[in-house]
Amino acid sequence: MKLTTLISTLLLSVGAVTQMQSAALAQATSGLDREPPSLNPNKTHAEVLLEHRECQRCELSGLKATNVNLRGAVLDHIDLRRSELTGSNLSFSTIYYGDFRSADLRNTDLRHTFLIFADLLRANLEGVNARNSRWKYADLTEAIVRNANLNEIELVNAKLVRADLRNTSLRNASLYRADLRNADLRDADLYRADLTEADITGANFTNANLCHTTMPDGTINNRGCFLPRPDAPSPR
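Treat the numbers as computed from the prediction; the structure is a model and nothing was measured.

## Topic: the side chain of Ser-93
Right, on to step 1. Following the sequence through the fold, Ser-93 ends up in the loop between helix 3 (45-52) and strand 1 (94-96).
Right, on to step 2. With residues near it in sequence (within four places) discarded, Ser-93 still touches Leu-70, Arg-71, Gly-72, Ala-73, His-112, Thr-113 and Phe-114.

If you want it as C-alpha cells, here you go:
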C-alpha cells in the first residue's frame with residue numbers, strides 16, 4: 001500500500017478527517033511516494049551526474065564526457081581519475097576531495113570553483129579558465145597548466161611541484177605557502193601575485209612578469225613593471 005493511501009485510511013478509520021479532506025491530504029503528500037532521483041538504483045553514477053549535476057562519492061574513473069554543462073555541480077569525494085572532460089563547463093562547482101589524477105581537463109570552464117583538497121596529480125589543465133576560484137590545499141604535482149587563466153585564484157597551501165605553468169596568467173593570485181619547487185613559470189604573468197612563504201626552490205621564472213609581486217620573504221618584486229604588454233598599442 002502506498003504511503004499516502006495508508007495515511008488517509010488510518011485517519012478515516014478514527015474519524016479524524018472527512019472524505020473530502022482525505023482527498024486533499026492525498027494530493028498534498030503525493031510526492032512522498034516518489035523516490036529521489038539520486039537514489040534510483042537503476043541509474044549509473046554517470047547518468048546521475050549528467051542529469052542532476054550532483055554526484056557525491058561517485059566512482060567515475062575513465063569517464064568520457066566532453067563539452068558537457070556541469071555548471072554549479074556538487075561533486076564531493078568524486079573519483080574522476082583518467083577522465084576526459086575537455087571543453088566542459090564546471091564553473092561555480094563545489095568539489096571537496098575530488099580525485100582528478102591524470103584527468104584531461106583541457107579548455108574547461110572552472111571559474112569560481114571550490115576545489116578544496118583536490119588531487120590533480122599529473123592532470124592536464126591546459127587552457128582552462130579558473131579565474132576567481134578557491135583551490136586551497138590542491139595537489140597539482142606535475143600537472144600541465146599552460147596557457148591558463150588563473151587570475152585572482154587562491155592556491156593557498158597548494159602543491160605545484162614540477163607543475164608546468166608556462167604562459168599562464170596568475171595576476172592577483174594568492175600562492176601563500178604554496179609548494180612551487182621546480183615549477184616551470186616561464187612567461188607567466190604574476191602581476192601582484194602573493195608568494196608569501198611559498199617554496200620556489202628551483203622554480204623557473206624566466207621572462208615571467210613579477211611586477212608588484214610579493215616574494216616568499218615578503219619583499220616586493222618590480223621586475224617587468226616597465227615592460228610594454230604584448231597587446232599594448234604602439235606609441236605614436
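Okay, back to it.
## So, the packing of aromatic side chains
Right, on to step 1. The tally for this structure, following the rule as stated, stands at 2 aromatic pairs.
Right, on to step 2. Seen from their ring centres, Tyr-97 and Phe-117 are 5.0 Å apart, and the 5 degrees between their planes marks the pair as stacked. Note that Tyr-97 is positioned in the loop between strand 1 and strand 2 (114-116) and Phe-117 in the loop between strand 2 and strand 3 (210-214), a separation of 20 residues in sequence.
Right, on to step 3. Consider the rings of Phe-117 and Tyr-137, whose centres lie 4.8 Å apart with planes at 10 degrees: the pair is stacked. Here the residue Phe-117 occupies a position in the loop between strand 2 and strand 3, and Tyr-137 occupies one in the loop between strand 2 and strand 3, the gap between them amounting to 20 residues.
Right, on to step 4. We classify Phe-117 as partly exposed; its relative accessible area is 37%.
Right, on to step 5. Taken together, Tyr-97, Phe-117 and Tyr-137 form an aromatic cluster joined through their ring pairs.

## Quick look at the pattern of salt bridges
Right, on to step 1. Applying the stated criterion across every chain yields a total of 21 salt bridges.
Right, on to step 2. For the salt bridge of Glu-154 with Lys-136, the shortest nitrogen-to-oxygen distance reads 3.5 Å. Taken together, the residues span a long stretch of sequence, with Glu-154 in the loop between strand 2 and strand 3 and Lys-136 in the loop between strand 2 and strand 3 at a distance of 18 residues.
Right, on to step 3. A residue is classified by how much of its surface remains accessible, and Lys-136, at 33% relative accessible area, is partly exposed.
Right, on to step 4. Note that Glu-197 and Arg-177 form a salt bridge whose closest N and O atoms lie 2.7 Å from each other. Of the two residues, Glu-197 is situated in the loop between strand 2 and strand 3 and Arg-177 in the loop between strand 2 and strand 3; the sequence distance between them amounts to 20 residues.
Right, on to step 5. Among the ionic contacts, a cluster of salt bridges with common partners joins Glu-126, Arg-146, Asp-164, Arg-166, Asp-184 and Arg-186.

## Things to note about the pairing of strand 4 (residues 220-223)
Right, on to step 1. Sheet analysis places strand 3 next to strand 4, joined by 4 bridges and oriented antiparallel. Looking at strand 4, one finds that Leu-210 is bridged to Arg-223.
Right, on to step 2. Counted between consecutive antiparallel strands, the loop separating strand 3 from strand 4 contains 5 residues, among which Gly-218 sits at a positive phi close to 95 degrees.

## A closer look at the state of the cysteines
Defined simply, a disulfide is a covalent bond joining two cysteines at their sulfur atoms.
Right, on to step 1. One pass over the structure, following the stated rule, counts 2 disulfides.
Right, on to step 2. Disulfide pairing places Cys-211 opposite Cys-225 at an S-S distance of 2.1 Å. Residues Cys-211 and Cys-225 share a disulfide whose torsion about the S-S bond is about 105 degrees; that sign makes it right-handed. With Cys-211 in strand 3 and Cys-225 in the segment after strand 4, this pair connects stretches of sequence that are 14 residues apart.
Right, on to step 3. For Cys-211, a relative accessible area of 6% gives the class buried.

Thresholds applied
Residues numbered from 1 in each chain as written. Predicted model: local features only at pLDDT ≥ 70, side-chain atom pairs only at ≥ 80, totals over all residues. Heavy atoms only, no water. Helix = DSSP H or I, 4+ residues; strand = E, 2+ residues; numbered from the N terminus. Contact = heavy atoms within 4.5 Å. Phe/Tyr/Trp six-rings, centres within 6.5 Å; stacked < 30°, edge-to-face > 60°. Buried < 20%, exposed > 50% of the residue type's maximum accessible area, 1.4 Å probe, protein only. Salt bridge = Lys/Arg side-chain N within 4 Å of Asp/Glu carboxyl O. Pairing = 2+ DSSP bridges. Disulfide = S-S within 2.5 Å.

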